[in-house]
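Summary of structural features
In case you want the letters, here they are:
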Amino acid sequence: MSEVKIAAETRSEFGKGAARRIRRDSKVPGVLYGHGSDPIHLTLPGHDLLLALRTPNVLISLDIDGKTSELAIPKSVQRDPIKGFLEHVDLLLVKRGEKVTVEIPVLTEGELAPGGNLLEHVLNALPVDAEATHIPEGVTVSVEGLEAGASVLAKDITLPNGVTLAVDEDAVVLQVLAAQAEEAPEAEEAVEGEEAAVAEA
């Protein structure tokens, strides 16, 4: 997993007014915390941060005030609900070799068995424990030929070396639902049968 270097500045102004001023300068307020240390309030370049966050669980190498360098992963990202720009980011301080608990995207490949069945993502992301500098970008699960009623459990998913589940191994991740359209003809037949019975009576 590649590291993304971002230059950050410590900040001493807080509150909504300060945050608005920071965002007007195309920057994003953030907080770096972890390892029992006091939180460090930061200002980060908006464009660089936006590009970095396109990668899930990206590893960020922070150059803070040109003096110290820290590794971090994003833990919470707040965006404007309408315009989508970054409002605030919480960063978790990590060390090389340290295990962290993160959620990685679950991707699927292949086609379900014929019949118009639906694939439901019970978990869109899979909680795992991984080494901070080797967090997988996601896992891919084959759903080829799965029929209605089939499910994929957490323990069925092959994880990269060094990565372990951080969720119950029997947790349902994916399940195949029967096509709803198949029930309509049966319902129509039942109605026709009732009408015939009424006509006979």
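What comes next is a walk through the structure. (Residues numbered from 1 in each chain as written. Predicted model: local features only at pLDDT ≥ 70, side-chain atom pairs only at ≥ 80, totals over all residues. Heavy atoms only, no water.)

**Considering the overall build of the protein chain**
A tally of regular secondary structure across the protein chain gives 3 helices and 13 strands. The buried share of the protein chain, reckoned over its 201 residues, is 34%. Considering only residue pairs separated by 6 or more positions, the protein chain has 63% of its internal contacts joining residues 24 or more positions apart. Surface exposure of the protein chain reaches about 11,900 Å², of which carbon and sulfur atoms provide 50%. (Helix = DSSP H or I, 4+ residues; strand = E, 2+ residues; numbered from the N terminus. Buried < 20%, exposed > 50% of the residue type's maximum accessible area, 1.4 Å probe, protein only. Contact = heavy atoms within 4.5 Å. Areas by Shrake-Rupley, 256 points an atom, 1.4 Å probe, with all protein chains shown as cover.)

**Considering the sheet that holds strand 11 (residues 151-153)**
Across the sheet, which stays open at both edges, the 3 strands sit in the order 8-13-11 with antiparallel pairing between neighbours. Strands with a single pairing partner mark the edges of an open sheet, and in this sheet they are strand 8 (118-121) and strand 11. Averaged over all adjacent pairs, the angle separating strand axes in this sheet is 15 degrees, with direction ignored. (Pairing = 2+ DSSP bridges. Axes fitted to C-alpha atoms, helices over the stretch in contact; angles between N-to-C directions.)

**Some points on the layout of surface pockets**
Considered as a void within the structure, the largest pocket measures approximately 190 Å³ in volume. Along the walls of the largest pocket sit Leu53, Thr55, Pro56, Asn57, Pro74, Lys75, Val77, Thr101, Val102 and Glu103, which together make up its complete lining. Elements that contribute at least two residues to the lining of the largest pocket include exactly strand 5 (68-79) and strand 7 (99-109). Split by residue class, the lining of the largest pocket holds 5 nonpolar, 3 polar and 2 charged. Of the voids in this model, the second largest pocket is the one considered here, and its volume is about 150 Å³. Every residue lining the second largest pocket is listed: Arg23, Ser26, Lys27, Val28, Gly46, Leu50, Phe85 and Leu86. Only strand 2 (27-34) and helix 2 (46-52) provide two or more residues apiece to the lining of the second largest pocket. Grouping the constituent residues of the lining of the second largest pocket by class yields 4 nonpolar, 2 polar and 2 charged. (1 Å grid on protein atoms, 1.4 Å probe; cavity = no way out; pocket = protein on both sides within 12 Å on 5 of 7 lines; lining within 4 Å. Points joined across faces, edges and corners; volume = space filled by probe spheres on them. Nonpolar A, V, L, I, M, F, W, Y, C, P; charged D, E, K, R; others polar.)

**Some points on the pairing of strand 1 (residues 3-10)**
Inspection of the sheet shows strand 1 paired to strand 4 (residues 59-64) by 6 bridges, in the parallel sense. The residue bridging alanine 8 from the neighbouring strand is isoleucine 64, located in strand 4.

**Notes on the sheet that holds strand 7**
One open sheet holds the 4 strands; their spatial order is 10-7-9-12, and the pairing between them is mixed. Looking at strand neighbours, the two that pair on one side only are strand 10 (139-142) and strand 12 (164-165), the edges of this open sheet. Sheet topology note: the strand 9 (residues 125-131)/strand 12 ladder contains 2 bridges and is antiparallel. Residue pairing for strand 12: valine 128 is matched across the bridge by leucine 165.

**Here we look at the side chain of asparagine 57**
Residue position: asparagine 57 is located in the loop between helix 2 and strand 4. Judged by relative accessible area, asparagine 57 falls into the buried class, the value being 12%.

**A look at the nonpolar core**
One recurring pattern in soluble globular proteins: nonpolar side chains tend to sit buried together. Residues Ile73, Val94, Leu126 and Ile157 are the most contacted members of the largest nonpolar core, which totals 26 residues. Only strand 5, strand 6 (86-94), strand 7, strand 9, strand 10 and strand 13 (172-177) provide two or more residues apiece to this core. For this core, the element with the most residues is strand 7, which contributes 4 residues. Every residue in contact with isoleucine 157, bar those within four places of it in the chain, is listed here: Leu126, Val139, Val141, Val152 and Val173. Ranked by size, the runner-up nonpolar core spans 18 residues in total, among them Ile6, Val28, Leu49 and Leu93. (Core = buried A, V, L, I, M, F, W, Y, C linked by side-chain atoms within 4.5 Å.)

**Focus on unusual backbone geometry**
Of note, histidine 35 is a non-glycine position whose phi angle comes to about 60 degrees, a positive value. Relative to the helices and strands, histidine 35 is located in the loop between strand 2 and strand 3 (37-45). What makes histidine 35 partly exposed here is its relative accessible area of 46%. A positive phi angle, close to 55 degrees, is found at asparagine 57, a residue other than glycine.

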